[in-house]
Number of protein chains: 2
Amino acid sequence: MPDMTPLTFRILLALADANRHGYGIIKEIEQRDGPEAAPSTGAMYLALQRMEADGLIEEAPSPSTADDARRRYYALTPAGRSEAEAESARLAALVAVARAKKLLVARKA
Amino acid sequence: MPDMTPLTFRILLALADANRHGYGIIKEIEQRDGPEAAPSTGAMYLALQRMEADGLIEEAPSPSTADDARRRYYALTPAGRSEAEAESARLAALVAVARAKKLLVARKA
DNA sequence: GATAGATATATAAGTCGCTTATATAGTGGT
DNA sequence: ACCACTATATAAGCGACTTATATATCTATC
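What comes next is a walk through the structure. (Residues numbered from 1 in each chain as written. Chains lettered and ligands numbered in written order. Predicted model: local features only at pLDDT ≥ 70, side-chain atom pairs only at ≥ 80, totals over all residues. Heavy atoms only, no water.)

## Topic: the interface of chain A and chain B
And then number 1: On the side of chain B, 30 residues touch chain A, which itself brings 30 residues to the contact.
And then number 2: Taken together, chain A and chain B are joined by five salt bridges.
And then number 3: Measuring nitrogen to oxygen at the nearest pair gives 3.2 Å for the salt bridge that ties A:Asp17 to B:Lys101.
And then number 4: Counting across the chain A and chain B interface gives five residue pairs in polar contact (both at pLDDT 80 or more).
And then number 5: Of all the secondary structure elements, the ones that give two or more residues to the side of chain A that touches chain B are α1 (6-15), α2 (22-33) and α4 (78-100) of chain A.
And then number 6: The greatest single-element share of the side of chain A that touches chain B, amounting to 13 residues, is contributed by α4(A).
And then number 7: The residue inventory of the side of chain A that touches chain B, partitioned by class, reads 17 nonpolar, one polar and twelve charged. (Contact = heavy atoms within 4.5 Å. Salt bridge = Lys/Arg side-chain N within 4 Å of Asp/Glu carboxyl O. Polar contact = N/O pair within 3.5 Å; in protein donor to acceptor, adjacent residues only side chain to side chain. Helix = DSSP H or I, 4+ residues; strand = E, 2+ residues; numbered from the N terminus. Nonpolar A, V, L, I, M, F, W, Y, C, P; charged D, E, K, R; others polar.)

## A short note on the side chain of A:Thr8
Residues and elements named next belong to chain A.
And then number 1: Mapped onto the fold, Thr 8 is located in helix α1.
And then number 2: In this structure the side chain of Thr 8 is engaged in a polar contact, spanning 3.3 Å, whose partner is the side chain of Arg 50.
And then number 3: Beyond its immediate sequence surroundings of up to four residues, Thr 8 is in contact with Arg 50, Met 51 and Leu 56.

## Observations regarding the relation of the copies chain A and chain B
And then number 1: Each copy superposes on the other: chain A lies on chain B with an RMSD of 0.0 Å after a rotation of 180° and an axial shift of 0.0 Å. Both chain copies can therefore be described as sitting about a two-fold axis.
And then number 2: By residue overlap, the copies meet face to face through one surface: 100% of the interface positions of chain A are interface positions in chain B. (Least-squares fit on C-alpha atoms with pLDDT ≥ 70 in both.)

## Comments concerning the sheet that holds strand β3 (residues 73-76) of chain A
Residue and element names in this part refer to chain A.
And then number 1: On the basis of which strands lie adjacent, the open sheet formed by three strands has the order β1-β3-β2 and antiparallel pairing. Taken across any chain shown, the strands that pair with only one partner, and hence form the sheet edges, are β1 (20-21) and β2 (57-60).
And then number 2: Looking at chain direction, β1 and β3 are connected through two bridges and run antiparallel. Note on β3: the bridge partner recorded for Arg 20 is Tyr 74.
And then number 3: Along the sheet, α1 makes contact with β1, β2 and β3, crossing β3 at roughly 90°.
And then number 4: Seen against the sheet, helix α3 (residues 41-53) touches β2 and β3 and runs at an angle of roughly 105° to β2. (Pairing = 2+ DSSP bridges. Axes fitted to C-alpha atoms, helices over the stretch in contact; angles between N-to-C directions.)

## Structural notes on the packing of α1(A) against α2(A)
Residue and element names in this part refer to chain A.
And then number 1: Two numbers describe how α1 lies on α2: the axes approach to 10 Å, and their chain directions differ by 95°. In this view, α1 runs roughly perpendicular relative to α2, as classed from their interaxial angle. Side by side, α1 and α2 meet where Arg 10, Ile 11, Leu 13, Ala 14 and Leu 15 of the first sit next to Ile 25, Glu 28, Ile 29, Arg 32 and Asp 33 of the second.
And then number 2: When the residues that make up the contact of α1 with α2 are grouped by side-chain class, the tally is six nonpolar, no polar and four charged. (Parallel < 35°, antiparallel > 145°, perpendicular 65-115°, else oblique.)

## Description of the protein's contact with DNA strand C
And then number 1: Taken together, 22 residues lie near DNA strand C, and A:Arg50, B:Tyr23, B:Arg70, B:Arg71 and B:Arg72 sit nearest.
And then number 2: In DNA strand C, atoms within 4 Å of the protein come from the sugar-phosphate backbone in 66% of cases.
And then number 3: With respect to DNA strand C, the side chain of B:Gln49 contributes an N or O atom lying 3.1 Å from a phosphate oxygen.
And then number 4: Here a phosphate oxygen of DNA strand C sits 2.4 Å away from a polar atom, N or O, in the side chain of B:Arg72.
And then number 5: Contributing elements (two or more residues each) for the surface near DNA strand C: α3 of chain A together with α2 (22-33) and α3 (41-53) of chain B.
And then number 6: Here the surface near DNA strand C is built from residues that sort into six nonpolar, eight polar and eight charged. (Near = heavy atom within 4 Å.)

## Side note on unusual backbone geometry
Residue and element names in this part refer to chain A.
And then number 1: With phi around 65°, Lys 102 is a residue other than glycine that occupies positive phi space.
And then number 2: Note that Lys 102 resides in the segment after α4.
And then number 3: For Lys 102, a relative accessible area of 66% corresponds to the exposed category. (Buried < 20%, exposed > 50% of the residue type's maximum accessible area, 1.4 Å probe, protein only.)

Structure representation (structure tokens):
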């Protein structure tokens, strides 16, 4: 199995510190990386379905009783966290190569 | 335009410090990341064609007169280098988030 | 100088994930 | 009431990758 898609990793990353719902993940990416980087709703909900089927995430209870009933929250499974860690390490290694080849000027990560 | 594909970035990365030919890039990735991470020949040559059409790379002369005549060498264009730098920065930012969310234990990059 | 295995490039068929578009409906502010 | 925003979902189409196949050269060994 080669590496996961960039969107899959971004979703795992978003869920790493808190359970979130699809639309909330989109908004989080939008705030952090700008509106251009935000995935479409179509991509997001298809990705969530696929990731749940793959056992990377699972549905979680709403964090508040007064929450919007439409929201479907997701949490990382142990497998999902493990995959996220593995991909993080792979990306970190890639960034290290980029730095060695002078593609990154300042040490930012 | 969203982000480039992982394969595209790996190719740009491979060409960042030297001109290389398709098969050589595959072997370089295989040595650095293991046999599982190596792209298929089908993916490689299609990617090279696409990237040349997109102006990210261009064909370069053989580095040696005694070289294998079948090899087609490629070099980064200025646009290709610029894109590689931009994607490197994006990935570095992503790795920084992964580190902040405790997905990376040791500082490796 | 024949054979074998690695090297090297290329393309077709099929799969899969993302884009674009559309649909539906609840929520919150004025 | 109205309207924009929030929220999820699915279908059609496209593009990138996988798998498989084809072809040919190079290098080592016998």
